[in-house]
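Next come the chains, spelled out residue by residue.
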Amino acid sequence: MPHLKLIHYREDCIGCNACIESSPANWKINERDGKADLVGGKETKKGVFLKEISPIELEENKRAERDCPARIIKVVEG
């Protein structure tokens, strides 16, 4: 089974809420700056967060990736 990862380039987030609408268990809006946070994500380098997800979460996060107007969410398989 391939590993599934979410990558979030947070610094470019515009806080539109599309990711939360697609996958509320994985995303939340940060009350301090209005940008989305990847719930459980680990910062791999400044402003870039990574989280492994389960196959059950794949479709909803593909939708978040597709619907994000800033194009800052990537779903990586493999």
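How each quantity is defined
- Position labels on residues start from 1 in each chain and follow its written sequence.
- Per-residue local features of the predicted model are confined to residues with pLDDT of at least 70, and side-chain atom pairs are confined, for both listing and counting, to 80 or more; whole-chain, interface and lining totals are unaffected and use all residues.
- Note that water and hydrogens are dropped before the side-chain values are worked out from all heavy atoms of the structure.
- Helix and strand assignments come from DSSP, with helices taken as H or I runs of at least 4 residues and strands as E runs of at least 2, each series counted from the N terminus.
- Remark: exposure states derive from per-residue accessible area (1.4 Å probe, protein chains only) relative to the maximum for the residue type, with buried under 20%, exposed over 50%, and partly exposed in between.
- We treat Lys and Arg as the positive residues and Asp and Glu as the negative residues; His and chain ends play no part in the count.
- Salt bridge, as applied in this entry: a Lys or Arg side-chain nitrogen positioned within 4 Å of an Asp or Glu carboxyl oxygen.
- Counting of polar contacts relies on pairs of N or O atoms within 3.5 Å, with two restrictions inside protein: one atom must be capable of donating a hydrogen and the other of accepting it, and residues adjacent in sequence are counted only when both atoms are side-chain atoms.
- Only heavy atoms enter the contact rule, under which two residues are in contact if any of them lie within 4.5 Å.
- What is meant by a nonpolar core is a set of buried Ala, Val, Leu, Ile, Met, Phe, Trp, Tyr and Cys residues, joined one to another through side-chain atoms within 4.5 Å.
- Any residue with an atom within 4 Å of a point lines the site, the site being either a cavity, points on a 1 Å grid over the protein atoms alone where a 1.4 Å probe fits but cannot get out, or a pocket, an open set with protein on both sides within 12 Å along at least 5 of 7 lines.
- Grid points are joined across faces, edges and corners, and a volume is the space filled by probe spheres set on the points.
- Any residue outside Ala, Val, Leu, Ile, Met, Phe, Trp, Tyr, Cys, Pro, Asp, Glu, Lys and Arg is labelled polar, Gly included; the first ten of those are nonpolar and the last four are charged.

Student: Break down the side chain of Lys51 for me, citing the residues and quoting the values.
Tutor: Within the element layout of this structure, Lys51 appears in strand β5 (residues 48-53). One buried charge, Lys51, has no salt-bridge partner; the nearest side chain with opposite charge is Glu57, at 4.8 Å. At 2.6 Å, the side chain of Lys51 forms a polar contact with the side chain of Asn26. Excluding residues within four positions of it along the chain, Lys51 makes contact with Leu4, Lys5, Leu6, Asn26, Leu38, Val39, Gly40 and Gly41.

Student: Go over the nonpolar core, please, and point to the residues and values.
Tutor: Counting residues in hydrophobic clusters, the biggest one holds 16 residues, and the most contacted among them are Leu6, Cys19, Trp27 and Ile73. Secondary-structure elements contributing two or more residues to this core are β1 (4-9), α1 (18-22), β3 (36-38), β5, α2 (58-67) and β6 (73-77). Excluding anything up to four places from it in sequence, Trp27 contacts Leu6, His8, Cys19, Ile20, Ala36, Asp37, Leu38, Val39, Asn61, Ala64 and Ile73.

Student: Could you give an account of empty space enclosed by the protein, with specific residues and numbers?
Tutor: Which parts of space are left empty comes out when a probe the size of a water molecule is rolled across the atoms. For the structure shown, the criterion picks out 1 cavity of 30 Å³ or more. Looking at the largest cavity, its volume works out to about 90 Å³. As for the largest cavity, its lining consists of 16 residues, and the residues nearest its centre are Cys13, Cys16, Cys19, Cys68 and Ile72. For the lining of the largest cavity, the secondary-structure elements that each account for two or more residues are α1 and β2 (27-29). By residue class, the composition of the lining of the largest cavity is 13 nonpolar, 3 polar and no charged.

Student: Give me the pattern of salt bridges: which residues, what numbers.
Tutor: Scanning all chains against the criterion turns up 5 salt bridges. A salt bridge links Asp37 to Arg10; the shortest N-O distance between them is 2.7 Å. Here Asp37, found in strand β3, pairs with Arg10, found in the loop between β1 and α1; they are 27 residues apart in sequence, far enough to count as distant. Note on Asp37: relative accessible area 15%, which makes it buried. Here Arg66 makes a salt bridge to Asp67, at a shortest N to O gap of 3.0 Å. The class of Asp67 is partly exposed, set by a relative accessible area of 35%.

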